[in-house]
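Next come the chains, spelled out residue by residue.
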Amino acid sequence: MTPDLQDTIANIPAPAPEALFRAHLDTLTKPLGALGRLEDLAAQLQTLGLTDLRKAAWVFAADHGIAAEGVSAYPAEVTRQMVLNFLSGGAAINVLSRLHNAPVHIVNAGVATALDSAPTLRNTPIRPGSRNMLHEPALSEAELNEALALGIECAAEASAKGFNLIAVGEMGIANTTAASALTAALTGRALYPVTGRGTGLDDAAHAHKIAVLEAVLAHHEPHLTTPEEILRRLGGLEVAAMTGFILGCASHRIALIIDGFISTAAAACAVALAPQVHSWLFAGHQSQEPGHRILLAHLNLTPILTLDMRLGEGTGAVLAMPILESALALYTQMATFTSAGVSAATAL
Ligand SMILES: O=C(O)c1ccc[n+]([C@@H]2O[C@H](COP(=O)([O-])O)[C@@H](O)[C@H]2O)c1
Ligand SMILES: Cc1cc2nc[nH]c2cc1C
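Note that the structure is a prediction, hence the values are computed from the model and not measured.

Summing up its helical and strand segments, the protein chain has 16 helices and six strands in all. Whereas a compact globule of 348 residues would reach a radius of gyration of roughly 20 Å, the protein chain reaches 20 Å, a difference of no more than 12%. Principal axes of the C-alpha set define a box for the protein chain whose edges measure 70 × 45 × 40 Å. Looking at the protein chain as a whole, 51% of its 348 residues are labelled buried. Looking at the protein chain alone, contacts between residues at least 24 apart form 77% of all its contacts between residues at least 6 apart.

Printed below as a string of structure tokens:
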């Protein structure tokens, strides 16, 4: 572990105890517990000291060497093409981020073909796509450290800009293959239940993806002994950058809304490196990828939304923002039984 990463992890603050916030929720003019999961979300925001929400989205893009094995329904060029779409404001994440006032920041962590610079693009590719993990680790040790450091730098930028609630998303053709490999390695589950159709594979291509993943895991298995080695061998540049970003944000008291399968795989790596980061995480939604449900359960995270989405980009995370804002507004603005003169429950 680099000193940078060690410092970041050491600086992740513990949340405040929850009891006082739960007690306040119980004084509000509603039957006890009637706001359901909103009460959990409000209490969590309070434990983190988030009393007003300053929102943004960060989207990390990179290509994957494993795309050469035919594991995605779309060609690898789509990664770069979609980054251009993000920059011109036409992607789903742009629409949702405008709607919910969460400005999007794009990070080129390793798109295969060079991109021109643009005001909303952090254009610092570490290499042109990860290596093909069927034959070698996806990243060298130096590349892993650079990607983690990139994420930590982006978190410092987010903190300097004053954001305290950030949706974490990604773009990378073939990255559901990396996420499945990471999920199998981190949870000990078999590949079949954690491998889905990604962008839309048919039955034969899905079976091929599982066969490729079996060969990948067989190749790396003896070396998957630490979270860093799992991330280095089976991850990717945007996945490692998101891992660094999540740890960095938590160290700056920024809460994260994780998005779909891939950003959750990065969160799982972050939690494996630093279990205390868990307090700073919200799961925006549960995607259609079967491994996502398994990974969320492994992390003991309950998704805010279930909309059968499988897009990525941070879209499910940004969609959850108004729910978190609603939870906070209810917590801070509702009258209490005493202030409103409403009778409390009858003691039975
Ligand atoms: O967020 C998800 O759970 C999700 C599920 C399926 C696909 N994706 C997106 O689709 C791309 C990866 O799919 P694939 O089939 O190329 O591995 C990548 O750009 C992701 O953002 C995302
Ligand atoms: C068009 C397209 C948009 C995406 N956004 C995130 N992953 C994606 C994959 C494809 C193929």
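Next comes the rest of the description.
The strand order across the open sheet formed by six strands is S3-S2-S1-S4-S5-S6, and the pairing between neighbours is parallel. The sheet terminates laterally at strand S3 (121–123) and strand S6 (281–283), the two strands that pair on one side only. Neighbour to neighbour, the strand axes of the sheet diverge by 25° on average, direction disregarded. Taken together, the four bridges between strand S4 (residues 165–171) and strand S5 (residues 255–258) define a ladder with parallel strand orientation. Each bridged residue has a counterpart across the sheet, and for Leu165 the counterpart in S5 is Ala255. Running at roughly 155° to strand S2 (residues 104–110), helix H4 (residues 77–88) makes contact with strand S1 (55–62), S2, S3 and S4 of the sheet.

Attention shifts here to the site of ligand 1. If you check the shell around ligand 1, you find 24 residues, and the closest are Ser72, Gly198, Gly260, Ser287 and Gly312. For the shell around ligand 1, the secondary structure elements donating two or more residues are S4, helix H7 (175–187) and helix H12 (261–273). Examining the composition of the shell around ligand 1, we find that three residues originate from one element, H7, more than from any other. The residue inventory of the shell around ligand 1, partitioned by class, reads eight nonpolar, 11 polar and five charged.

Let us now look at the UniProt feature "active site" (unreviewed entry) in the protein chain. Per the UniProt record, "active site" (unreviewed entry) is annotated on Glu313. By the element assignment, Glu313 lies in the loop between helix H13 (290–298) and helix H14 (315–319). Those residues in contact with Glu313, other than ones at most four positions away along the chain, are Val59, Ala91, Ala92, Ile93, Gly169 and Met171.

Bringing the site of ligand 2 into the picture now. Neighbouring ligand 2 are Tyr74, Val78, Met82, Met171, Thr199, Leu311, Gly312 and Glu313. Considered class by class, the residues forming the shell around ligand 2 number five nonpolar, two polar and one charged.

For the rest of this paragraph, the subject is the environment of Gly291. On the secondary structure map, Gly291 appears in helix H13. Residue Gly291 is classed as buried on the basis of its 27 C-beta neighbours within 10 Å. Sequence separation of Gly291 and Asp26 is 265 residues, and the distance between their C-alpha atoms is 36 Å. Sequence-distant contacts of Gly291, that is, excluding residues within four places in its chain, are made with Ala179, Ser180, Thr183, Val194, Thr195, Gly196 and Phe261.

One can find Asp40 in helix H3 (residues 37–47). Along the sequence, Asp40 and Ala167 sit 127 residues apart, while their C-alpha atoms lie 19 Å from each other.

Once that is clear, we can look at the packing of H7 against H12. Interaxial distance between H7 and H12 falls to 9 Å at its minimum, and their mutual angle equals 35°. With respect to the hand of their crossing, H7 and H12 are arranged in left-handed fashion. Where H7 abuts H12, its residues Asn175, Thr176, Ala179, Leu182, Thr183 and Leu186 lie against Phe261, Ile262, Ala265, Ala268, Cys269 and Ala272. When the residues that make up the contact of H7 with H12 are grouped by side-chain class, the tally is nine nonpolar, three polar and no charged.

Turning next to the nonpolar core. Core analysis: the biggest nonpolar cluster contains 111 residues, and Trp58, Val59, Ile166, Leu182, Ile246 and Leu256 have the highest contact counts within it. The contact partners of Trp58, leaving out residues within four places of it in the chain, are His105, Val107, Cys154, Ala158, Ile166, Val168 and Phe245.

Quick look at the environment of Val95 now. Here Val95 is to be found in helix H5 (residues 92–99). Val95 sits 12 residues away from Val83 along the chain, and the two C-alpha atoms are 14 Å apart.

Looking now at the pairing of S4. Of all seven residues making up S4, seven are buried, and the element is well covered by its neighbours. With burial as the criterion, each face of S4 is covered, one bearing Leu165, Ala167, Gly169 and Met171 and the other bearing Ile166, Val168 and Glu170. In terms of strand pairing, S1 meets S4 through seven bridges, oriented parallel. When the bridges of S4 are listed, Lys55 appears paired with Leu165.

We now examine helix H9 (residues 203–220). Taking 1.5 Å of rise per residue, the 18 residues of H9 would be expected to cover 26 Å, and the 26 Å separating its terminal C-alpha atoms lies within 8% of that figure. Looking only at H9, the buried set comprises Lys209, Val212, Leu213, Val216 and His220. The buried residues of H9 occupy an angular sector of 100° when projected down its axis, which confines them to one face. Projecting away from the buried face of H9 at angles above 90 degrees are the exposed residues Asp203, Ala204 and Ala218. For H9, the secondary structure elements touched by its buried residues are H7, helix H8 (191–194) and helix H10 (227–234).

Conventions adopted
- Residues numbered from 1 in each chain as written.
- Chains lettered and ligands numbered in written order.
- Predicted model: local features only at pLDDT ≥ 70, side-chain atom pairs only at ≥ 80, totals over all residues.
- Helix = DSSP H or I, 4+ residues; strand = E, 2+ residues; numbered from the N terminus.
- Rg over C-alpha atoms; globule rule 2.2 N^0.38 Å.
- Buried ≥ 20, exposed ≤ 12 C-beta atoms within 10 Å, placed from the backbone.
- Contact = placed C-beta atoms within 7 Å.
- Pairing = 2+ DSSP bridges.
- Axes fitted to C-alpha atoms, helices over the stretch in contact; angles between N-to-C directions.
- Near = placed C-beta within 6 Å.
- Nonpolar A, V, L, I, M, F, W, Y, C, P; charged D, E, K, R; others polar.
- UniProt positions renumbered as here; feature names shortened; annotations may be inferred.
- Left-handed = near helix turned anticlockwise from the far one by under 90°.
- Core = buried A, V, L, I, M, F, W, Y, C linked by C-beta atoms within 7 Å.
- Expected span 1.5 Å × (residues − 1).
- Arc of directions from axis to C-beta.

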